[in-house]
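Below are the chains, spelled out letter by letter.
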Amino acid sequence: MNLSTNLDDNIKRLHEIFPIEKSYDLVTRTFYLRDTKAYWMGINGLCDNGILQKLFSDLQNPLFTQDAEINDLPKFMASKIGYVQAELCEDWDKIIKNILSGPSVLFVDGFSQAVVLDSRKYPVRGIEEPDLEKVSRGAKDGFVETIVYNTALIRRRIRNPKLSFEMLTVGTESKSDVAIAYIDGSIDTKLLETLKQKINSLNIPALTMGPQSLQELIIKKRWWNPLPQTRYTQRPDVACSYILEGYITIIVDNFPSVMIFPCTLFQFTQNPEDYYQNPSVGNYLRLLRFFCILASLFIMPVFLLLGMYANRLPASLQVITTEAVNPTKLFIFVIIVEVFLDIFKYSSSNASSGLSNSLGLVGGLIIGDVAIKLNWATTEVLFYGAATMLCTLSIAAQEFAQAIRLYRYVLVLMTGFFGLTGFILAIILVLISIVTTPSISGKNYLWPLIPFRWSALKTLLFRYPTAKYQEKH
């Protein structure tokens, strides 16, 4: 539906669409550009008042606006409105979207077009280093909740004219802005078209949980598969490294994380700290991270398995030394420690910064000592539980660490109920779950291990010096 040339009709239409008399943040203004009547509308808090005040002061200045009447709106905008981000629009749907997104709109009597002034100024927090992806050296900036700032952080690092940010809109009510970032000519065009088609076909009211909701909508999988189908990052340098390697990133407005497509298992074994250290140190950290991932998954199940068969094992494999504990009691101890460590971790993370450190240190010592005295756990169970938690905390990608935690529960439960047979079956189920994890690109989740590509796999397993990496690419 297009605008009317009659200004009063357009004003009436605005009052029908927006609760202008009820909502305090909907600001309107009627004024004259010499003899031509005009009407302005914007949202308080999203418009830069300084820019608008300067624009309107110039437009109402008789020395600046010499024509008594406006006869040619495009020419008037090009010659009299000095603001850079201004355009003409005649479609009501686009005008409504612009007003709700932050730009203000100037309606001029006698024209079926309106001037859209993109003078928005979103509330934004300061750019700072993300808590989950800290590095000892390197950049200390991170993504924020404003999409314009996030695209600028990427553009600042990649000064490539082929870098594109395609803007899409999701949500019939929220109308959330979603930007797809990529370098034209270096990406899988089929994957790009698939992502755009899936996002454009979404018919939902809003992205309630931002990137997570978007991921669940465009990638269908079984609810019981905990593995993430996309890599999240809050670091611009990490996002840029993936973009330069031919990946596609998706930025959702109002959220400080970006999604990286396509996603494979080995992406979660990498960390920016590897590349801010010497190659030898980076390789050590990466191998240590591989060990921590495996240890986080297997320490407690293997401990439970050895404890259940303690009387049949040689002394070198004894894991229960303080007292005789039967298999059923040991299984209960392991479950209690696993659950309480999770509760302890979440309560510590949700506490204020002033309490979290004291809660983590003092609370852990007190609870562990009391649990042993009350015979709710053994020293060995607490030790291996704490070691498991430390290994889990070393995994920077929290969504992947949570998947490992659920897999560990499967291993513990199957081992506790069925012994060695359950342990083997649980490993098989975990492997099947990993191999069958869907990917939007059609690439196997274990690529480049399946199908095997040693040239690609070794760059994921080892941190190569920059010179050798450039030679390979």
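Described in the following lines is the structure provided in the data block. Computed from a predicted structure; not experimentally measured.

## Examining the packing of aromatic side chains
Now for step 1: Tallying each qualifying case throughout the model produces 10 aromatic pairs.
Now for step 2: Pairing F31 with F56 gives two aromatic rings, centres 5.1 Å apart and planes at 50°, and the pair type is tilted. With a gap of 25 residues between them, F31 in strand β1 (residues 26–33) and F56 in helix α2 (residues 49–59) connect regions that are remote in the sequence. Taken as a pair, F31 and F56 share a single burial class, namely buried.
Now for step 3: Ring centres of F268 and F400 lie 5.0 Å apart, and the angle between their planes is 5°; on these two criteria the pair is classed as stacked. One end of the pair, F268, is in the loop between β10 (258–261) and α9 (279–308); the other, F400, is in helix α13 (residues 398–435), and 132 residues separate them in sequence. A single burial state applies to F268 and to F400, both of which are buried.
Now for step 4: Members of the aromatic cluster, joined through ring pairs, are F31, W40 and F56.
Now for step 5: Here the guanidinium or amino end of R13 rests over the ring plane of W92, the centre of that ring lying 6.0 Å away.
Now for step 6: In this arrangement the basic side chain of K443 is found over the ring face of W447, its NZ or CZ atom lying 4.1 Å from the centre.

## Some remarks on unusual backbone geometry
Now for step 1: Omega for the peptide link from F261 to P262 comes to -10°, which places this bond in the cis form.
Now for step 2: Residue position: P262 is located in the loop between β10 and α9.
Now for step 3: Between W447 and P448 the backbone carries a cis peptide bond, its omega angle lying at 10°.
Now for step 4: With respect to the helices, strands and loops of the structure, P448 is situated in the loop between α13 and α14 (454–461).
Now for step 5: For K175, which is not a glycine, the phi torsion comes out positive at approximately 50°.
Now for step 6: With respect to the secondary-structure elements, K175 resides in the loop between β6 (163–170) and β7 (176–183).
Now for step 7: A residue is classified by how much of its surface remains accessible, and K175, at 31% relative accessible area, is partly exposed.
Now for step 8: Its identity as a non-glycine residue notwithstanding, N254 has a phi of 80°, on the positive side.

What counts, and at which threshold
Residues numbered from 1 in each chain as written. Predicted model: local features only at pLDDT ≥ 70, side-chain atom pairs only at ≥ 80, totals over all residues. Heavy atoms only, no water. Phe/Tyr/Trp six-rings, centres within 6.5 Å; stacked < 30°, edge-to-face > 60°. Helix = DSSP H or I, 4+ residues; strand = E, 2+ residues; numbered from the N terminus. Buried < 20%, exposed > 50% of the residue type's maximum accessible area, 1.4 Å probe, protein only. Lys NZ or Arg CZ within 6 Å of the ring centre and 35° of its normal.

So, to be careful, I would describe these as geometric facts and stop short of saying anything about function.
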